[in-house]
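What follows is the residue order along each chain.
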Amino acid sequence: MSVLTTLSQQYPSVPTLTLAVSTVSSLHSLLASTPRADSNSIGYILNTVSKTTPALPLASACRQYGYLYRQTVEGQDIDKASIENDISNLHRINTCSLDAQKKSILAKRYLDTAMHMEDTALAFAECRCLKRSNELIPQGFETFPVAFCPAFIKKSVYDTAREETKIQNNLWMKLVYNPDFLLEQCKELEKDDDFVMRFTNIIRKVKDSKIKQGLKLAISRNDVMLQGDQFYQVEFNLIASSLGPISQRHSQALGRLNSIFGDSKEQEKLSEAQLSNNEEFLFKAMKDTYEAYGNPKAVIVMVARKEKNVFDQYAPQTLLLQAGINYRRYTFEELAELMEIDADTGVARVMGEEVCLFYFRDGYMPDQYTDKTWEVREKIELSKAVKCPDASLQLVNMKYFQYVLNNKAHWLKFGMSEEQFAICRKSFCDIFSLSDFGDDKAKMLSHIENNGGLDEWVLKPQREGGANNFFGQHIKEQIDKCSIEELKAFILMRKIHASVQMGIHCDWKSVRVREVIHEFGFFQYNLWRDNSPVSTAQGGTLVRTKINGVDEGGVGMGFAVINSVQLE
Ligand code: ADP
Ligand code: MG
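The present account deals with the structure reproduced in this document.

Scoring rules and cut-offs
- Residues numbered from 1 in each chain as written.
- Chains lettered and ligands numbered in written order.
- Predicted model: local features only at pLDDT ≥ 70, side-chain atom pairs only at ≥ 80, totals over all residues.
- Heavy atoms only, no water.
- Phe/Tyr/Trp six-rings, centres within 6.5 Å; stacked < 30°, edge-to-face > 60°.
- Helix = DSSP H or I, 4+ residues; strand = E, 2+ residues; numbered from the N terminus.
- Buried < 20%, exposed > 50% of the residue type's maximum accessible area, 1.4 Å probe, protein only.
- Lys NZ or Arg CZ within 6 Å of the ring centre and 35° of its normal.
- Arc of directions from axis to C-beta.
- Contact = heavy atoms within 4.5 Å.
- Pairing = 2+ DSSP bridges.

### Details of the packing of aromatic side chains
All told, the structure shown has 25 aromatic pairs when counted by the stated rule. Measuring from ring centre to ring centre gives 5.9 Å for Phe124 and Phe148, while their planes differ by 35 degrees; the resulting arrangement is tilted. Of this pair, Phe124 sits in helix 7 (residues 117-126) while Phe148 sits in the loop between strand 5 (146-147) and strand 6 (151-153), placing them 24 residues apart in sequence. Comparing Phe124 with Phe148 shows no difference in burial state: the two are buried. Ring geometry for Phe332 versus Phe360: centroids 5.9 Å apart, planes at 20 degrees, classification stacked. Separated by 28 residues along the polypeptide, Phe332 in helix 17 (residues 332-338) and Phe360 in strand 13 (residues 353-360) bring together distant segments of the chain. The same class applies to Phe332 as to Phe360, namely buried. Joined through ring pairs, the aromatic side chains of Phe195, Phe199, Phe332, Phe360, Tyr369 and Trp374 make up one cluster. Over the ring of Tyr177 we find Lys216, and its NZ or CZ is 5.4 Å from the ring centre. For the cation-ring pair, Arg377 lies above Phe360, with the distance from its terminal atom to the ring centre recorded as 4.2 Å.

Okay, structure coming up:
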């Protein structure tokens, strides 16, 4: 006998799944399309509160058998929206193509989290998967939007991606030690782009300066998406890439959910991804830089404004303090008043303290600068302190250089081998710029037309993005609208059709079971001196998950949620 029937007999006054159909007529069609619950499936129990209904034992029975239990008050309207949401989520699970075991894991996770939102939210808060809820209120925090199921990736694919990431990090570092090449590549871009021109001017001044600056620190993140077992690069970030610690905390919170809800087998699998500690990774990058700089009294300065992502910004602080290294925070505006650079030695001091490393968590976008802050940035760049990123790292972070490095000749020029190029090329999407089509818009459009059409391509700003990409029909509209000069500021990239998994998305307003795709970011830091590695290590991963069909990807923009890896 099915569990549902047993329950119905035990609690005859309770409107069960079937009874709900008659009580909630507007939900009729939804309920009708939900497969009937039986002992190994999922079910829905709607309990109208009345004196005769034994709510507690029914709720525990529901929990035991994996039924979704919701209470409504007699005479009052039920919360139809949340019930519709529950039913459609459960329906999606029941009708998806996963095997029975995976379906039941997913259903259990949905039922547990949807029914026990309080425990769920606390798990993420206690693991400090947090951000500031409003930039202007320093003490108000909230949990990130998150996924409740991890992103699955095969161990072999994960390992290959890490190996390729290592090779590419070498190339990018060699590139930033070649200012002449960078300046040559940016000759055209800087004419029309003030942001690029500011950085190229700084690079020229640094080149001519008498202050010797050998050390460079890059914290990179290679972002890829999976298409089957092959991964493709979305972009290669080189500017103090962030969110690693948050993804790690997310992984810990999922582990906590596993404990709370009794899913211990899942927890064992998770621990593999937890081997990489992104907080320690950041700490080590900074500690090694501090040591390489060589003054034990020097401090690390994080340049940041008030922003939401503070837990991430402060992630390395505890370990740094334990190691006796001070981690100070200043805004560009404060530095304008408080920083001094010694003209002879290039030593940077803030409030009298020598700075070994400026860690920029600000100044990535043109709108983050005024003339005054540009002055500060330039002073810092000309100082002896290490910058993460420095002007050259920030310049090559532009997507334009991803295009430049899709070219074998450039790999060979920087001492990389044909074999290394061949290994990495497999994961590169084809990328074009307007110059590849002789600056002819019609040729660009016909190339798109003859190679899969608009759905096979993405049009991206060459500079650091912030979710300004164009997909589908918008590509054509943009090409038509832009002048030749404007279109030169874009790259045309093959679209990755990422593999879809079923997942659970939560923005703390609603929980949604949807087809999702994941973007995996692989961290590495590189501390180099005079074009040779001093210290380098790989970190863990950042996973951002978005609902399939939503093209843009940023967590900050609200398109994606934080997730973490589970190796298969
Ligand atoms: P940024 O992070 O600087 O805004 P990205 O290159 O990461 O720029 O693009 C933003 C988002 O757009 C990505 O997270 C991804 O979701 C999507 N995207 C970018 N390039 C591609 C591509 N080639 N194929 C599919 N989606 C892409
Ligand atoms: Mg990105």
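Further notes follow.
### Topic: helix 7
Turning to helix 7, its buried residues number three or more, namely Thr120, Ala123 and Phe124. The buried residues of helix 7 occupy an angular sector of 90 degrees when the element is viewed end-on, so they sit on one face. Where helix 7 is buried, its residues touch helix 6 (100-115), strand 4 (141-143), strand 5 and helix 12 (244-260). Count one or two residues on from helix 7 and you reach Arg128, which has phi positive near 55 degrees.

### A word on the sheet that holds strand 18 (residues 490-494)
Ordered by their spatial adjacency, 4 strands build an open sheet running 15-18-16-17, and the pairing between neighbours is antiparallel. Two strands bound the open sheet, and with one partner strand each, they are strand 15 (431-432) and strand 17 (470-471).

### Notes on unusual backbone geometry
Cis geometry is found at the peptide bond from Cys388 to Pro389, where omega equals 0 degrees. Position of Pro389 among the secondary structure elements: in the loop between strand 14 (386-388) and helix 19 (391-396). Even without glycine at this site, Asp439 takes up a positive phi of about 55 degrees. As for its position among the elements, Asp439 is in the loop between strand 15 and helix 23 (441-450).

Shape is all these values report; function is a separate question.
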